[in-house]
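Here are the chains, one letter per residue:
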Amino acid sequence: MTDIAVTTPEVARTLRVEQRRNVGLGARLHGALSAVPTAVLWLLVLLWSLPTIGMLVSSFRAEQAVKTTGWWTVVSDPQLTLDNYRAVFSSSTQDAPNMWEHFANSIAITVPATVIPIAFAAFAAYAFAWMDFKGRHWLFIGVVALLAVPLQMSLIPLLRLVTDGAHLSVLGETITVFPYLHLNGTATAVWLTHIGFGLPLAIFLLHNYISSLPGDLFEAARIDGADHPTIFWRLVVPLSVPALAAFAIFQFLWVWNDYLVAVTFLGSESTKPIPMTVRLATLSGGRGEDWHLLTAGAFVSMAVPLVVFFALQRYFVRGLLAGSVKG
């Protein structure tokens, strides 16, 4: 007993040394980050937000002030104006920015590209989760595999498809596989592309959430005589609001901030229904001499996603955790 009492502190020290040696680099970094004071984190957030604050302040400064002094000089010279916003929304001339028109174009592209994938994906997710049909598992695997298809590699084939359709020549005969739908240069081609690339992610996220709902609820509904449409509308949809809202935020932000798809299918001509992102790329002028207008236009473009995010914020975290816990 005496020997054990004497050697116990030595054994404890040895164990502590061994534990320190076995701790990996990741655990050490995690411990170091956990020890960072909250004030330091808030300072980093402030530093990260400085460009946005500077853009907001510059959007209210006069053109000459923006081009000659830094935005922080507003503290000593607080002369603010709405001239930049008036110029951005002006439609007095043919070359005027006329952001109201491009704002409407963005809405016309974003709303269908957000609502339609949610509608179709909710039906498909419920079918994959709670309906038994032949080939269900392989079909779901195929849908999830579409997430790996890169958008950048598909844009040119899609552009050829909406421009000329798809045709095959067999034994001297031309067979039309996909007809020419006259969609080139239209907003429809843009939001159809966003729908196609948004559906796999929507089905995957909603399936994970809907499949995690308690099976007893569905059994009770079937005992009461409810069919699949009744279960979907009266049970699944109300319970899936967090997941639906989370995907709506992701899809809305992706489509609203998109430039690549819009410029590929619409170009940058003012005669096309180009969205705000494409117009912003040309708003500063050919030589960048009008970049004071870019600050106002960019902040207008940011305002709508911020409103959408904060309006659905209470669903966001719940939707991110959708389907992460079973049982």
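Residues numbered from 1 in each chain as written. Predicted model: local features only at pLDDT ≥ 70, side-chain atom pairs only at ≥ 80, totals over all residues. Heavy atoms only, no water.

## Topic: the packing of helix α7 (residues 136-145) against helix α9 (residues 187-210)
What counts is decided by this rule: To obtain each axis, a line is fitted to C-alpha atoms, and for helices this fit is confined to the stretch in contact; angles are then taken between N-to-C directions over 0 to 180 degrees. By definition, any uninterrupted DSSP run of H or I lasting at least four residues is a helix, any uninterrupted run of E lasting at least two residues is a strand, and each is numbered from the N terminus. Any angle that falls under 35 degrees is termed roughly parallel, while one over 145 is termed roughly antiparallel, one within 65 to 115 roughly perpendicular, and all others oblique. The hand of a helix crossing depends on one turn: near helix anticlockwise from the far one by less than a right angle means left-handed, and clockwise means right-handed. Contacts between residues were defined by any pair of non-hydrogen atoms, one from each residue, lying within 4.5 Å. Classification convention: Asp, Glu, Lys, Arg as charged; Ala, Val, Leu, Ile, Met, Phe, Trp, Tyr, Cys, Pro as nonpolar; all other residues, Gly among them, as polar.
One way to put it is that α7 packs onto α9 with a least axis distance of 8 Å and a crossing angle of 125 degrees. Classified by the angle their axes make, α7 and α9 are oblique. Like other packed secondary-structure pairs, α7 and α9 cross with a definite hand, here left-handed. In contact with F140, V143 and V144 of α7, α9 contributes P200, I203, F204 and H207. Its residues placed into classes, the contact of α7 with α9 shows 6 nonpolar, 1 polar and no charged.

## Topic: a nonpolar patch on the surface
To keep it simple, the criterion reads: Nonpolar side chains (Val, Leu, Ile, Met, Phe, Trp, Tyr) within 5 Å and like charges within 9 Å form the patches, drawn only from residues with over 30% relative accessible area and no salt bridge. Each accessible area value is a Shrake-Rupley result obtained with a 1.4 Å probe; residue values ignore everything except the protein chains displayed when judging cover. Whenever Lys or Arg places a side-chain nitrogen within 4 Å of a carboxyl oxygen from Asp or Glu, that contact is recorded as a salt bridge.
A contiguous nonpolar patch, built from V40, L41, L43, L44, L46, L47, L50 and I53 and spanning about 660 Å² of accessible area, is present on the exposed surface. Relative to the helices and strands, L44 is located in helix α3 (residues 38-59).

## A short note on empty space enclosed by the protein
What counts, and what does not: In the cavity and pocket records, a cavity denotes points on a 1 Å grid over the protein atoms alone where a 1.4 Å probe fits but cannot get out, a pocket denotes an open set with protein on both sides within 12 Å along at least 5 of 7 lines, and lining residues are residues with an atom within 4 Å of a point. Grid points are joined across faces, edges and corners, and a volume is the space filled by probe spheres set on the points.
Inspection of every chain in the model, using the stated rule, returns 1 cavity of 30 Å³ or more. Lining the largest cavity are S106, I109, T110, V190, H194, V255, W256, D258, A262, P275 and T277. Those elements giving two or more residues to the lining of the largest cavity turn out to be α6 (99-130), α9 and α12 (241-256). Tallying contributions element by element places α6 first for the lining of the largest cavity, with 3 residues. Taken together, the residues of the lining of the largest cavity break down into 6 nonpolar, 4 polar and 1 charged.

## Focus: the pairing of strand β1 (residues 166-170)
In regular strands, side chains alternate between the two faces of the sheet. Here is the rule: Any two strands with at least two DSSP bridges between them are considered paired.
By the bridge criterion, 5 bridges tie β1 to strand β2 (residues 173-178) in an arrangement that is antiparallel. Residue pairing for β2: A166 is matched across the bridge by F178. If you look at the hairpin formed by β1 and β2, you'll find 2 residues sitting between the two strands, and L171 has a positive phi there, around 55 degrees.

## Let's talk about the confidence of the model for the chain
Using the following cut-off: pLDDT measures how confident the predictor is about each residue, on a scale from 0 to 100.
Summary statistics for the chain give a mean pLDDT of 81 and a share of 84% for residues scoring 70 or more. The lowest-confidence element of the chain is helix α1 (residues 2-22), averaging 56 in pLDDT; the highest-confidence one is α6, averaging 90. The model gives residues 1-6 a pLDDT under 50, and that stretch makes 0 contacts with residues more than four places away or in other chains. For residues 323-327, every residue scores under 50 in pLDDT, and the model assigns this stretch 8 contacts once sequence neighbours within four places are set aside.

## A short note on the pattern of salt bridges
If you walk through the whole model with that rule in mind, you get 3 salt bridges. Close ionic contact of R86 with D83 constitutes a salt bridge, the shortest N to O distance being 2.9 Å. Taken together, the positions of R86 and D83, both in helix α5 (residues 83-88) and 3 residues apart, correspond to about one turn of that helix.

## Some words on the packing of aromatic side chains
Each pair of aromatic rings is reported with the distance of its centres and the angle of its planes. Convention followed: Stacked, edge-to-face and tilted labels apply to pairs of Phe, Tyr and Trp rings (six-membered ring for Trp) whose centres lie within 6.5 Å, assigned for plane angles under 30 degrees, over 60, and everything in between, in that order. A 1.4 Å probe rolled over the protein chains alone gives each residue an accessible area, and that area as a share of the maximum for its type sets the label: buried under 20%, exposed over 50%, partly exposed in between.
Taken as a whole and assessed by the stated rule, the structure comprises 14 aromatic pairs. Between W100 and F103 the ring centres are 6.2 Å apart and the planes differ by 85 degrees, which places this aromatic pair in the edge-to-face class. Residue W100 and its partner F103 are located together in helix α6, separated by 3 residues, close to a single helical turn. Owing to a relative accessible area of 53%, W100 belongs among the exposed residues under this scheme. Among the aromatic residues, those joined into a cluster by ring pairs are F123, Y126, W130, F218, F232 and W233.

## So, α7
The test is simple: To obtain the arc, one takes the directions from the helix axis to the C-beta atoms.
For α7, the set of buried residues is R136, F140 and V143. Angularly, the buried residues of α7 cover 55 degrees about the axis, an arc narrow enough to put them on a single face. Within α7, the exposed residues directed more than 90 degrees away from the buried face are H137 and W138.

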